[in-house]
Amino acid sequence: MVKKKKKRHIRPLALCVFQRGDKIFVARGFDAHKGETFYRPIGGRIEFGEQASDAVAREVREEIDAKVADLTFLGALENIFTYEGKPHHEIVMIFDGRFTDHALNQDDVTVTGVDDGEVLYESSWKCLDFFRGDVAPPLYPTGLLELLDSRVGNGP
């Protein structure tokens, strides 16, 4: 029997930056294959027939039980990368927004993202400068820091 090669797909994602001044709300991840800690805004997969902004609101509600408001589209990034030794390809719709629960806007807040009872990540507020420099952890998707810096009033 001939083994059929698994067809790879491009994954559509919608992520929300939740930016307050020089800080953004991000999830911490770890790639054991690379031994790398990285950060990424929260959000997730866009379902077929779903608007990207609706996907952000749904994913945030499902994972951290929070509501979002004032979603503004910032741009799209193409992300081709390896995670846990496997290639991935994503088209990522990036939004800015705010939490409706003001308690989530406190600097010392840490939130655990959960899906179907499985812990996915811990998220918290980080200064953008945390992601700058030679030893800074990566901020994904690739190009996000440059996208944020290109906005009026931002930059290193």
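Before reading on, note that the structure itself is shown above.
A brief structural summary.

Parameters at a glance
Residues numbered from 1 in each chain as written. Predicted model: local features only at pLDDT ≥ 70, side-chain atom pairs only at ≥ 80, totals over all residues. Heavy atoms only, no water. Salt bridge = Lys/Arg side-chain N within 4 Å of Asp/Glu carboxyl O. Helix = DSSP H or I, 4+ residues; strand = E, 2+ residues; numbered from the N terminus. Buried < 20%, exposed > 50% of the residue type's maximum accessible area, 1.4 Å probe, protein only. Core = buried A, V, L, I, M, F, W, Y, C linked by side-chain atoms within 4.5 Å. Contact = heavy atoms within 4.5 Å. 1 Å grid on protein atoms, 1.4 Å probe; cavity = no way out; pocket = protein on both sides within 12 Å on 5 of 7 lines; lining within 4 Å. Points joined across faces, edges and corners; volume = space filled by probe spheres on them.

1. Some words on the pattern of salt bridges
In the structure shown here, the tally under the stated rule is ten salt bridges. Here aspartate 149 ties to arginine 132 by a salt bridge, and the two come within 2.9 Å at their closest N and O atoms. Remark: arginine 132 occurs in the loop between β8 (118–127) and α2 (144–149) and aspartate 149 occurs in helix α2; sequence separation between them is 17 residues. Assessed through its relative accessible area of 17%, aspartate 149 is described here as buried. When salt bridges with common partners are traced through the structure, they connect Glu50, Arg58, Glu59 and Glu62 into a single cluster.

2. As for the nonpolar core
Among the nonpolar cores identified, the biggest contains 21 residues, and Ala14, Phe18, Phe25, Ile42, Val60, Ile64 and Phe99 are the most heavily contacted of them. Every element with two or more residues in this core is listed here: β1 (11–16), β3 (23–31), α1 (52–64), β6 (86–99) and β8. In terms of residues, this core owes the most to one element, α1, which gives five residues. Ignoring sequence-local partners within four residues, the contact set of phenylalanine 25 consists of Cys16, Val17, Phe18, Pro41, Ile42, Ile64, Phe99, Val109, Val111, Ser123, Ser124 and Trp125. The next biggest cluster of nonpolar side chains, apart from the first, holds 17 residues, and it includes Leu15, Val17, Ile24 and Tyr39.

3. Overview of the layout of surface pockets
Considered as a void within the structure, the largest pocket measures approximately 710 Å³ in volume. In this structure, the largest pocket is lined by 30 residues; those nearest its centre are Arg11, Phe38, Arg40, Tyr83 and Glu90. For the lining of the largest pocket, the secondary-structure elements that each account for two or more residues are β3, β4 (36–45), α1, β5 (68–83), β6 and β8. Take the lining of the largest pocket: its biggest share by element is eight residues, from β4. Considered as a void within the structure, the second largest pocket measures approximately 420 Å³ in volume. In terms of lining residues, the second largest pocket is bounded by 14 residues, among which Lys6, Arg8, His9, Pro87 and His88 are the most central.

On their own, these measurements won't tell you what the molecule is for.
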